[in-house]
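What the coordinates show
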Amino acid sequence: MKKAFTAVAVLLLLAGCSGPDDPASSLVSFFDAVKAGKGSHAVAYLSQDALDSLAAGMDLAELKLNPDSSSAALAAYGIALTPEEVSAVTIDILLERMIESPLFLGMMEEASLEVGEVSVAGSQAMVNATVVFLGDTTSGTVEMVLEGNNWKITGEGLRFAL
């Protein structure tokens, strides 16, 4: 569970969107929301494709098999979900609660983001980014898509951090 928690945290740090700003400032805005523990705000910045990719990796069906033990296991990581909430949990809610958890906020204290080169082709963008998280530096390209008027991270954009 700790490895999955850390992997999702790194993915979240490298994902993002904002208003009709450029992709780089959108990524910075997302990072700031994650760092501040604003779960619902941060999750709103992920594309549906990214949410679907994260849901597949988290295996929500397995969590729902035994809501009591899943609730207790999540609580050990500071993620507050009652057994009733676990029974109906969606990836959105799980990510929101993870970002808002005291453990995650503590892990984010020393996190930093540096945005590099950005390339935009229509509704697609590639943002080079470097994240320092828990003393480890991860660099890669974050793929973003313009959905409506918002730049959002794609599921493919999440893959480089895995």
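One can find the structure itself at the top, above this paragraph.
Residues numbered from 1 in each chain as written. Predicted model: local features only at pLDDT ≥ 70, side-chain atom pairs only at ≥ 80, totals over all residues. Heavy atoms only, no water.

Here we take up the environment of tyrosine 45. Its place among the elements puts tyrosine 45 in the loop between helix H3 (39-43) and helix H4 (48-58). On the accessibility criterion, tyrosine 45 (12% relative accessible area) is buried. Separated by 107 residues in sequence, tyrosine 45 and lysine 152 have C-alpha atoms that sit 5.5 Å apart. (Helix = DSSP H or I, 4+ residues; strand = E, 2+ residues; numbered from the N terminus. Buried < 20%, exposed > 50% of the residue type's maximum accessible area, 1.4 Å probe, protein only.)

Now for the pairing of strand E4 (residues 150-153). Pairing of strand E3 (residues 136-147) with E4, which is carried by four bridges, proceeds in the antiparallel orientation. Bridge pairing links valine 145 to lysine 152 in E4. What sits between E3 and E4 in their antiparallel hairpin is a turn of two residues, with glycine 148 showing a positive phi close to 65 degrees. (Pairing = 2+ DSSP bridges.)

Let us now look at the packing of aromatic side chains. Taken as a whole and assessed by the stated rule, the structure comprises one aromatic pair. A centroid spacing of 6.1 Å and a plane angle of 85 degrees characterise the contact between phenylalanine 30 and tyrosine 45, whose relative ring orientation is edge-to-face. A residue pair is termed long-range when its members are at least 10 positions apart, and phenylalanine 30 in helix H2 (residues 23-35) and tyrosine 45 in the loop between H3 and H4 qualify at 15 residues. (Phe/Tyr/Trp six-rings, centres within 6.5 Å; stacked < 30°, edge-to-face > 60°.)

The geometry of H4 relative to helix H8 (residues 91-100) is characterised by a closest axis approach of 10 Å and an angle of 80 degrees between their N-to-C directions. The angle between H4 and H8 places the two elements in the roughly perpendicular class. For the pair H4 and H8, contact is made by Leu51, Leu54, Ala55 and Met58 and by Ile91, Asp92, Leu94, Leu95 and Met98, respectively. Of the residues in the contact of H4 with H8, the class split is eight nonpolar, no polar and one charged. (Axes fitted to C-alpha atoms, helices over the stretch in contact; angles between N-to-C directions. Parallel < 35°, antiparallel > 145°, perpendicular 65-115°, else oblique. Contact = heavy atoms within 4.5 Å. Nonpolar A, V, L, I, M, F, W, Y, C, P; charged D, E, K, R; others polar.)

Turning our eyes to something else, we now look at the pattern of salt bridges. Summed over all chains, the structure comprises two salt bridges. With a closest N to O distance of 3.2 Å, glutamate 85 and arginine 97 form a salt bridge. Remark: arginine 97 occurs in helix H8 and glutamate 85 occurs in helix H7 (residues 83-87); sequence separation between them is 12 residues. A relative accessible area of 31% means that glutamate 85 is categorised as partly exposed. The class for arginine 97 is partly exposed, based on a relative accessible area of 25%. Glutamate 147 is the partner of lysine 152 in a salt bridge, and the nearest nitrogen-oxygen pair spans 3.8 Å. Assessed through its relative accessible area of 13%, lysine 152 is described here as buried. Note on glutamate 147: relative accessible area 29%, which makes it partly exposed. (Salt bridge = Lys/Arg side-chain N within 4 Å of Asp/Glu carboxyl O.)

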